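Inside the fold
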Amino acid sequence: MTQADGRPEDGPDTDRAVLTAAGIEKAYQRGLWPARRRVPVLRGADLTLTRGEVVGLVGENGSGKSTLMKILVGALASDAGTVTRSGRLGYCPQEPILYERLTCDEHFELFGRAYGLSREAEARARREIYAALGFERYATTRTDRLSGGTLAKLNLGLALLADPEVLLLDEPYAGFDFDTYLKFWDLVAERRQAGRTVLIISHFVTDQERFDRIVELRDGQAVER
Amino acid sequence: MTGRPIARRFLIDAARTPVNVLTLVLVPVVFVAVASGPMADAAELLGGPGGPAVQTATAGWAAGFIAAVAMYFQMRAARAADRRLVLAGLAPSRLVAARMATGLVLALLAATTALVTLQLRTGIDEPGRVVAGTLMFALIYLAIGALIGVLVANPVNGMVLVLFVWILDVFFGPAIGSADRPVTRILPTHFVTLWMIELPSQHAGRLGDLGWALAWVVAATAVGWAVITATIRIARPRHRHTPGSAADQIPAGLRAGLREAGRNRVLWVLLVAVPVVFVLLAVATTPDESTSLTVREQGHALSQQVWLPDVHGGTMAPIAIASLATLAGLFTVLDARSGDRRLVLAGFRPSRLLTVRLTVVTLLALLATAASLAVTATVFTARQWGLYIAASILIALTYGLVGVLIGPVFGRVGGVLIAFLLPFVDVGIEQSPMLHPQPPTWAHALPGYGPGRVLIDAAVTPTFDETGALLLGLGWLAALTAAAAVMFRRTAATTR
């Protein structure tokens, strides 16, 4: 990893930050009163994402990766700490969160309105996503009739639709076949080339060279690997 | 260019088709002159009035049939050219007016021929009434012809469909069969026929037979206008809403929400099964005895004796409505909950999403009401139908919101149980006039009390006397709406 090809050598360049999380703390309540106890998951995690980098977020099961991502996205409130970000954000949750009786096309239409895209822009982006991930033939299929792999493609596609400045992807390629997995990385490389930032959660990193940085969640804190 | 010259051109176009002229004259003459006598005899055999009344009605039947045929062929033949006229700059409203005027003139020609033949054959006792009735037939059938013209492209199929509708209307209508069969009351010229042949229906309510006949004419004209307008619609540059605005997001959300609801097969099965089970089975097992109800009349609580089989269907309908509406509210919110959260994260405003979800619940509640009342109407007649329907809608909306609220609290399985239990305990047991002459005091605090009292008032008394109960019901509706809004905001909330 070198500065010459746009990748930071020792951590992020905070001047170019598009998303900064500082001192994030989060604990879950477990059990019933009076045996109720507090299980801390994040203990002051810091994370900065800069423009045009692809960052991997790794950690053991239960280390708080998905919790941190939900906090970054705004789906979950932290107990302490701040998240600041600029630009639009695209979020791909770990489990496909979809409307079971709507088709792929109908999902793109609905999320296009949510992102505030014009009809033309939404239609163009939809075509590109279908082509890039190869699931156009399921455009009019209801999601409750899709295979797991195609659901994962739609799940990712909705995050990509508005070409957001920051992409937060929670294990996006679980369920992909190898060909789609490669296509996914092509897409990520394209987005990176266009100056977009991508944070990818993974249990383990197999293609380390595809990331600019890898951050590990250990004991509730984010540490550079 | 005004509408009149255009209509004249259309008429010239029609006149230059010899078959048209032949049909317009020949069919009514043959029908009135040849078929009216045998039809009158057949009507007498089938339980209808028979005699001159049926022969009078034949003028209307002939005019109606020709009006539908004329309008059908206008719609089929001129559609593309009409669109071209609009593209050339003609105002669509003028074109529609011209098309309808042309159809009317053709229908008038057929009506005149039929009436002249009738005058020559049997004479006309009340010319004003018969002419007006024949004209109403023609106007209603113009709309039927226009509608079939839009739906059926093949002329043979189109003619078959026109004939089929006409046969149903005529042979099951009050001039040939009995005027009392409830199912035939929905036929398009039921009331027109009764008024025209001076056979009072006894089931027209305050509006009267003429009122209903005119209502049909007005509705048919509106449908005809809408249908013709739809066929000549051209692609205009669309007014674009700002991406991400309320006008952009709410319709998209509603489309998606209604698609989801429409694809829920269980919902459709329940819409049929619940009213049948709750209303028809209950009525079928009702004992032949009377019971007393406490109702309010002119400010006083009175005990009224009612015959159980007469009112049981009307008291079971709200249970079906409340159960269906609760399930609709429950499933609408639960099915969409996690997707809605993601949609809000993507930028859909929570308040707009709430509007979408509550609109879907409202529409489903109305559908549940319509399905239940359609079944109920076959076994029960309310003293005040309008108020009875309004009270049923209030129950549906109230319990639709209850469904919205119990979903996030009890989840799917628990929610379904509660969705049946709560309306059953409230509307089915505590508010039921079959079990208590009036609801126990504690049941006044339940959401079904207000609309339940209004419903009973509408079911068995001739005047509305439950203002307090209505206000209470509306209060519940407002409170539940507020609670649903708070609940929705909490469940769809993000930290942004």
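Because the structure is a prediction, the values reported are computed rather than measured.

1. Concerning the overall build of chain B
- The helix and strand inventory of chain B stands at 15 helices and two strands.
- The buried share among the 496 residues of chain B stands at 47%.
- Contacts in chain B between residues at least 24 apart in sequence constitute 75% of all its contacts with a sequence separation of at least 6.

2. Considerations on the nonpolar core
- Formed by 138 residues in total, the largest nonpolar core has its most connected members in L168 and L169 of chain A together with L324 and A368 of chain B.
- By residue number, the principal contributor to this core is helix α11 (residues 308-346) of chain B, which donates 20 residues.
- Those residues in contact with A368 of chain B, other than ones at most four positions away along the chain, are L271, I321, L324, A325, A328 and A396 of chain B.

3. Here we look at the sheet that holds strand β7 (residues 197-201) of chain A
Residues and elements named next belong to chain A.
- Spatially, β5-β6-β7-β3-β8-β9 is the arrangement adopted by the six strands of the open sheet, whose pairing is mixed. Both outer strands of the open sheet, β5 (89-92) and β9 (221-224), are each paired with one neighbouring strand and no more. The mean angle between the axes of side-by-side strands here comes to 20°, regardless of whether they run parallel or antiparallel.
- In this structure, strand β8 (residues 213-218) lies alongside β9, joined through four bridges in antiparallel fashion. Of the residues in β9, the one forming a bridge with L217 is A222.
- Across the sheet, helix α1 (residues 65-73) lies against β3 (54-59), β5, β6 (166-170), β7 and β8, angled at about 150° from β6, the strand it touches most.

4. Considering helix α15 (residues 467-492) of chain B
Residues and elements named next belong to chain B.
- Its 26 residues place the ends of α15 37 Å apart at the C-alpha level, agreeing with the 38 Å of an ideal helix rising 1.5 Å per residue.
- Within the span of α15, buried status applies to A469, G473, W476, L480, A484, F488 and A492.
- Of the surrounding elements, those touching the buried residues of α15 are α11, α12 (350-376), α13 (385-430) and α14 (449-460).

5. With respect to α11 of chain B
All names here are of chain B.
- For α11, with 39 residues, the first-to-last C-alpha span of 56 Å sits near the 57 Å given by 1.5 Å per residue.
- Largest kink in α11: about 55°, centred on R337.
- Looking at the residues trailing α11, positive phi occurs at G347, about 125°.

6. Some details on the packing of α11 of chain B against α13 of chain B
Residue and element names in this part refer to chain B.
- Close contact between α11 and α13 brings their axes to 6 Å; oriented N to C, the two are set at 45°. When the axis of α11 is compared with that of α13, the two are oblique. Between α11 and α13 the crossing geometry is right-handed.
- Residue classes in the contact of α11 with α13 are distributed as 24 nonpolar, nine polar and one charged.

7. Regarding the confidence of the model for chain B
Residues and elements named next belong to chain B.
- Per-residue confidence for chain B gives a mean pLDDT of 83, with 91% of residues at or over 70.
- At the level of individual helices and strands, chain B shows its lowest average pLDDT in helix α1 (residues 3-15), which scores 71, and its highest in α12, which scores 93.
- Model confidence for the complex is summarised by a pTM of 0.66, with the ipTM given as 0.78.

8. Let's talk about the interface of chain B and chain A
- On the chain A side, the residues contacting the 25 residues of chain B number 24 residues.
- Taken together, the elements giving at least two residues each to the side of chain B that touches chain A come down to α9 (246-262) and α11 of chain B.
- Residue composition of the side of chain B that touches chain A, grouped by class: eight nonpolar, nine polar and eight charged.

9. Details of unusual backbone geometry
All names here are of chain A.
- Non-glycine residue D163 carries a positive phi angle of around 45°.
- Its place among the elements puts D163 in the loop between α4 (148-160) and β6.
- Residue classification places D163 among the partly exposed residues on the basis of 16 C-beta atoms within 10 Å.
- With phi around 50°, D219 is a residue other than glycine that occupies positive phi space.
- Within the secondary structure layout, D219 lies in the loop between β8 and β9.
- Judged by the 12 C-beta atoms lying within 10 Å of it, D219 falls in the exposed class.

10. Focus on the pairing of strand β2 (residues 37-50) of chain A
Residue and element names in this part refer to chain A.
- Where strand β1 (residues 17-30) meets β2, 11 bridges bridge the pair, whose relative direction is antiparallel. The residue bridging Y28 from the neighbouring strand is V39, located in β2.
- In this antiparallel pair of consecutive strands, β1 and β2, the connection spans six residues, and G31 shows a positive phi of 80°.

11. Focus: the pairing of β3 of chain A
All names here are of chain A.
- Burial analysis of β3 places five of its six residues in the buried class, which makes it a mostly covered element.
- Where β3 meets β7, four bridges bridge the pair, whose relative direction is parallel. By the bridge assignment for β7, L57 is matched with I201.
- In this sheet, β8 lies alongside β3 in parallel orientation, the contact comprising five bridges. Of the residues in β8, the one forming a bridge with G56 is I214.

12. Some remarks on the sheet that holds β2 of chain A
Residues and elements named next belong to chain A.
- Sheet architecture is open: three strands sit in the order β2-β1-β4, paired in antiparallel fashion. The open sheet is flanked by β2 and β4 (80-85), the only strands paired with a single partner. Taking the axes of each pair of neighbouring strands and ignoring which way they run, one obtains an average angle of 20° across the sheet.
- Sheet analysis places β1 next to β4, joined by five bridges and oriented antiparallel. Counterpart to L19 in the pairing with β4 is R85.
- The strands that α1 touches are β1, β2 and β4; relative to β1, the one it contacts most, it runs at about 125°.

13. Digging into the packing of helix α2 (residues 104-115) of chain A against α9 of chain B
- Taken N-terminus to C-terminus, the directions of α2 of chain A and α9 of chain B make an angle of 155°; their axes are 9 Å apart at the nearest point. By the angle class used here, α2 of chain A and α9 of chain B are roughly antiparallel. Here α2 of chain A runs over α9 of chain B; the crossing is left-handed. Contacts from E106, E109, L110, R113 and A114 of chain A in α2 of chain A reach D248, Q249, A252, G253, A256 and R259 of chain B in α9 of chain B.

14. Some thoughts on the environment of I144 of chain B
Residues and elements named next belong to chain B.
- Along the chain, I144 falls in helix α5 (residues 127-151).
- Given 25 C-beta atoms within 10 Å, I144 falls into the buried group.
- Along the sequence, I144 and L161 sit 17 residues apart, while their C-alpha atoms lie 10.0 Å from each other.
- With near-sequence residues (within four places) excluded, I144 lies in contact with A68, V165 and P188.

Definitions and limits used
Residues numbered from 1 in each chain as written. Chains lettered and ligands numbered in written order. Predicted model: local features only at pLDDT ≥ 70, side-chain atom pairs only at ≥ 80, totals over all residues. Helix = DSSP H or I, 4+ residues; strand = E, 2+ residues; numbered from the N terminus. Buried ≥ 20, exposed ≤ 12 C-beta atoms within 10 Å, placed from the backbone. Contact = placed C-beta atoms within 7 Å. Core = buried A, V, L, I, M, F, W, Y, C linked by C-beta atoms within 7 Å. Pairing = 2+ DSSP bridges. Axes fitted to C-alpha atoms, helices over the stretch in contact; angles between N-to-C directions. Expected span 1.5 Å × (residues − 1). Bend = angle between axes of the 7 residues up to and from the residue. Parallel < 35°, antiparallel > 145°, perpendicular 65-115°, else oblique. Left-handed = near helix turned anticlockwise from the far one by under 90°. Nonpolar A, V, L, I, M, F, W, Y, C, P; charged D, E, K, R; others polar. pLDDT = per-residue confidence, 0-100.

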